[in-house]
Every structure is written in C-alpha cells, then in structure tokens.
Amino acid sequence: MNTHNLHAVSALATGGALQTKTNNWPAQRPAAEGERIVAKLATGFHPEATFARLESIAREIRREILLMVHAGQSGHPGGSLGVADIVTALYYGVMRHDPKHPQWAERDRFIISKGHCSPVIYAVLADCGYFPQSDLATFRRPGSHLQGHPCSAKTPGIEASTG
C-alpha cells in the first residue's frame, strides 16, 4: 500500500457522520453517483476515488447496515458502522476485484476476521454488484446466504468464513 492509499484510509477512518434518508428499501443511489468504481485488472490507487465520493459511498453503506440489521431484527451494527469508511476506501479506492469474476486469480482478498461485522461486507459487496442489493433485506433470515457470520461457500465475494 503506497502513501496515498494510507492517507485515504486514515482520513476516511476519522470522519463520516451518519446520515439517513427516507428512501424505501432497498436503497438506490442516483445513477450519476452510483457508477461502480471496481478495478478490473488495475493496480494501485484509483484516482476516481475522491474523498468526497468515498465519503458519500460510506454514508450509504452505513445506511444499508442499519436497514439490514433492523430488517433482520438481529445483529451487531456498531462494529460494522465503525469500519464502514475503511472497507469503503479499500473496495472503492485500493483493491483490485471484479464482481463479474469473483474468483479472478489476480484479485485482492479482503478477509473480515470479526464475523460480527458481516453487515459491512455484505453492504459493500452488494453495492459493488456481487449479488443484488435486494438480498440485503434477507439478512439473518432462514435460508438466506447473508447470515450473522460470513460464509464463503454461500456468498459471492466472501473470501473466508469467519466468526
């Protein structure tokens, strides 16, 4: 990770107030803002990942976390809310990954060892396009691939099952 990447992650980790919207579930960003910043066969820091854009995405991710935990009537939102800025900066500004090819050999891997923070990774993966955002409404429901701890056998984009 180069110096620019470290600054991006540390700057986002220290800010980002929670803002809510009154949109219906599932949340949809306006098209201009909702373009995915997914690195396909790219390396290093992504210049299109400006601080303002990353902050906006992180706000939406935090919103999705709260909606998901509320809809499931179960979960631990605090840990996920606390790392939303960092995970957003990594997925949208640093990591090489491709939702259309989740097993791409050259991808960067993100493993969230604290499985109780599964809502943050689910929200980011859905936003990136690994699975439909509507799946977030099934968090912790019987039969859902989005359980309280991530499972790599059931959810695209999850690199390791953790607890």
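Please refer to the structure placed before this passage.
Quick summary incoming for the structure in this document.

Criteria and cut-off values
- Residues numbered from 1 in each chain as written.
- Predicted model: local features only at pLDDT ≥ 70, side-chain atom pairs only at ≥ 80, totals over all residues.
- Heavy atoms only, no water.
- Core = buried A, V, L, I, M, F, W, Y, C linked by side-chain atoms within 4.5 Å.
- Buried < 20%, exposed > 50% of the residue type's maximum accessible area, 1.4 Å probe, protein only.
- Helix = DSSP H or I, 4+ residues; strand = E, 2+ residues; numbered from the N terminus.
- Contact = heavy atoms within 4.5 Å.
- Salt bridge = Lys/Arg side-chain N within 4 Å of Asp/Glu carboxyl O.

Here the focus is the nonpolar core. Counting residues in each nonpolar core, the largest one holds 30 residues, and the members touching the most others are I61, Y91, F110, V120, I121, Y122 and F131. Residue assignment for this core shows that the elements contributing at least two residues are α2 (51-72), α3 (77-93) and α4 (118-128). Not counting chain neighbours up to four residues away, the residues in contact with F110 comprise V87, L90, Y91, M95, I121 and E159.

Here we take up the pattern of salt bridges. Enumeration according to the criterion identifies four salt bridges in this entry. The residue R96 makes a salt bridge to D108 at a minimum N-O spacing of 3.1 Å. One end of the pair, R96, is in the loop between α3 and α4; the other, D108, is in the loop between α3 and α4, and 12 residues separate them in sequence. Using a relative accessible area of 25% as the deciding quantity, one classes D108 as partly exposed. We note a salt bridge from E159 to R109, for which the minimum N-O separation is 3.9 Å. Of this pair, E159 sits in the segment after α4 while R109 sits in the loop between α3 and α4, and the two are 50 residues apart along the sequence.

Our next topic: the side chain of S118. Among the secondary structure elements, S118 is positioned in helix α4. According to the relative accessible area criterion, S118 is buried, its value standing at 0%.

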